[in-house]
Amino acid sequence: MALRPVQVNIKAVDGSAVGRFWAEALGWSVFSPGVTTYVGPDGDLVWPHPVAVCIDVVPVPEPKTATKNRTHLDLATSSATQQTELVARLKALGATPVDVGQGDVPWTVLADPEGNEFCVLEPREVYRDTGPIAAVVVDCVDPRAMARFWGEAMDWTLHEVTDDHASLRSTRSGGPYLEFLRSPDVKTVPDRVHLDLLPYPGDDKAAEVARLRALGATDLDLGQGDVPWTCLADPEGHEFCVLARS
């Protein structure tokens, strides 16, 4: 039994505009199958996508606070020239530079049009085959504990774990890494960005949710009401959802 992350859920006041930004940023297509705006690789709408961790932008009435998101995307580049060109293109699309205390680093920190932070990385060999999203990165207090929980929750392989950093990646389909970075900050506001997970075909959603609870996940009431997905929080309080196969 295992789950796979199928999309990054981003809350936005103007979901359509933020969806269009991310589609342009990643070179993907934007779809509006319902209330949300879905961003995935070019072509017809495929859900779940067999390889990519896609983006689902959900409209909400509340704007982002000044608080830095605890989950963000790292974008991959293959050369210094591509990094420079991508940063310039993203700024033209409405991204803005932000200072999150990164100091003098080889990557560039930006925010999307509603202030959600992300990084454009310098070329790194480890991300050469991930696609445009190199990693989904989560700030946490204890990367080792997060790696244990998420490694059990999913069938992804642990690639690295230290006191400061842990990374996992799918051995089935490739795609981006899931990474945990040690941070002194504690969670104080609901997550603006979170992962949505999906059982594999033939697996039972209720059994998967029960398994996650046994691993340390807790139920979460965000006012979602009677919905086909289940809202949970990991042991450090990061929200995530277990979706139902449609």
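Our subject is the structure that appears above.
In what follows, the accompanying structure is described. Numbering of residues begins from 1 in every chain and follows the order in which that chain's sequence is written. The predicted nature of this model means local features are confined to residues of pLDDT at least 70 and side-chain atom pairs, given and counted, to a pLDDT of 80 or more, with totals for whole chains, interfaces and linings taken over all residues. The side-chain figures draw on all heavy atoms in the structure; neither hydrogens nor water molecules are used.

## Remarks on the sheet that holds strand β4 (residues 54-59)
Definition in use: Pairing between strands is defined by DSSP: at least two bridges between them are needed. Put simply, DSSP marks the helices as runs of H or I at least four residues long and the strands as runs of E at least two long, and each gets a number from the N terminus on.
One open sheet holds the eight strands; their spatial order is β2-β3-β4-β1-β13-β16-β15-β14, and the pairing between them is mixed. Each edge of the open sheet carries a strand with a single partner, namely β2 (29-31) and β14 (218-219).

## A word on empty space enclosed by the protein
By rolling a water-sized probe across the atoms, one finds the places where empty space is left. Put simply, the test is: In the cavity and pocket records, a cavity denotes points on a 1 Å grid over the protein atoms alone where a 1.4 Å probe fits but cannot get out, a pocket denotes an open set with protein on both sides within 12 Å along at least 5 of 7 lines, and lining residues are residues with an atom within 4 Å of a point. Grid points are joined across faces, edges and corners, and a volume is the space filled by probe spheres set on the points. Under this grouping Gly is polar, as are all residues other than the nonpolar Ala, Val, Leu, Ile, Met, Phe, Trp, Tyr, Cys and Pro and the charged Asp, Glu, Lys and Arg.
The tally for this structure, following the rule as stated, stands at three cavities of 30 Å³ or more. Taken as a whole, the largest cavity encloses approximately 90 Å³ of empty space. As for the largest cavity, its lining consists of Thr-71, Val-138, Trp-150, Leu-178, Phe-180, His-194, Leu-195, Asp-234, His-238, Glu-239 and Phe-240. The set of elements that each furnish at least two residues to the lining of the largest cavity consists of β12 (174-182), β13 (193-199) and β16 (239-242). For the lining of the largest cavity, the residue count by class is six nonpolar, three polar and two charged.

## With respect to the nonpolar core
Keep this limit in mind: For the purposes of this section, nonpolar cores are sets of buried Ala, Val, Leu, Ile, Met, Phe, Trp, Tyr and Cys residues that join through side-chain atoms within 4.5 Å. Buried, partly exposed and exposed residues are distinguished by accessible area as a fraction of the type maximum, computed with a 1.4 Å probe on protein chains only: under 20%, between the cut-offs, and over 50%, respectively. When checking whether two residues touch, look at their non-hydrogen atoms; a contact exists if any pair is within 4.5 Å.
Within the largest apolar cluster, 50 residues are counted, with the highest numbers of intra-cluster contacts made by Trp-22, Leu-90, Phe-118 and Trp-150. With six residues, the top contributor of residues to this core is helix α1 (residues 15-26). Apart from the residues within four sequence positions on either side, Phe-118 is in contact with Phe-21, Trp-22, His-72, Leu-73, Leu-75, Leu-90, Ala-95, Thr-108, Val-109, Leu-110, Ala-111 and Asp-112.

## Section: the sheet that holds strand β6 (residues 96-97)
Remark on secondary structure: sheet strands pair via backbone hydrogen bonds, oriented parallel or antiparallel. Keep this limit in mind: Simply put, an axis is a line fit to the C-alpha atoms, just over the touching stretch for a helix, and the angle between two N-to-C directions goes from 0 to 180 degrees.
Judged by pairing direction, the sheet is mixed, and its eight strands sit side by side in the order β6-β7-β8-β5-β9-β12-β11-β10 without closing on themselves. Strand pairing shows two members of the sheet lacking a second neighbour, β6 and β10 (157-161), which therefore form its edges. Bridge analysis of strand β5 (residues 71-75) against strand β9 (residues 133-140) gives five bridges, and the strand direction is antiparallel. Across the sheet, Leu-73 pairs through a bridge with Val-136, a residue of β9. Sheet contacts for helix α2 (residues 80-93): β5, β6, β7 (108-111) and β8 (117-120); angle to β8, the most-contacted strand, approximately 150°.

## Structural notes on the layout of surface pockets
Looking at the largest pocket, its volume works out to about 1,100 Å³. Taken together, the elements giving at least two residues each to the lining of the largest pocket come down to β1 (3-12), β4, β13 and β16. Ranked by residues supplied to the lining of the largest pocket, first place goes to β1 with three residues. Taken together, the residues of the lining of the largest pocket sort by class into 18 nonpolar, 12 polar and 13 charged. Approximately 430 Å³ is the volume attributed to the second largest pocket. Forming the boundary of the second largest pocket are 21 residues, of which His-72, Trp-107, Cys-119, Asp-139 and Leu-181 lie nearest the centre. Looking at the lining of the second largest pocket, the elements with two or more residues in it are β5, β8 and β12. When the residues that make up the lining of the second largest pocket are grouped by side-chain class, the tally is eight nonpolar, five polar and eight charged.

## A few points about the packing of α1 against α2
Quick note on the threshold: Between 65 and 115 degrees an angle is taken as roughly perpendicular, under 35 as roughly parallel, over 145 as roughly antiparallel, and anywhere else as oblique. The hand of a helix crossing depends on one turn: near helix anticlockwise from the far one by less than a right angle means left-handed, and clockwise means right-handed.
For the pair α1 and α2, interaxial distance at closest approach is 10 Å and the crossing angle is 160°. Accordingly, the angle class assigned to the pair α1 and α2 is roughly antiparallel. Pair α1 / α2 crosses with right-handed handedness. Across the interface between the two elements, Phe-21, Glu-24 and Ala-25 of α1 pack against Leu-86, Arg-89, Leu-90 and Leu-93 of α2.

## A look at α2
Test applied: Expected span, for any helix, means 1.5 Å times one less than how many residues it has. This arc corresponds to the set of directions leading from the helix axis out to the C-beta atoms.
In this model, α2 (14 residues) spans 20 Å end to end at C-alpha, consistent with the 20 Å of a helix rising 1.5 Å per residue. Among the residues of α2, those classed as buried are Gln-83, Leu-86, Val-87 and Leu-90. In a view along the axis of α2, the buried residues occupy a sector of 100°, so they form one face of it. In α2, the exposed positions angled more than 90 degrees off the buried face are occupied by Thr-84, Glu-85 and Ala-92. Lining the buried residues of α2 we find α1, β5, β7 and β8.

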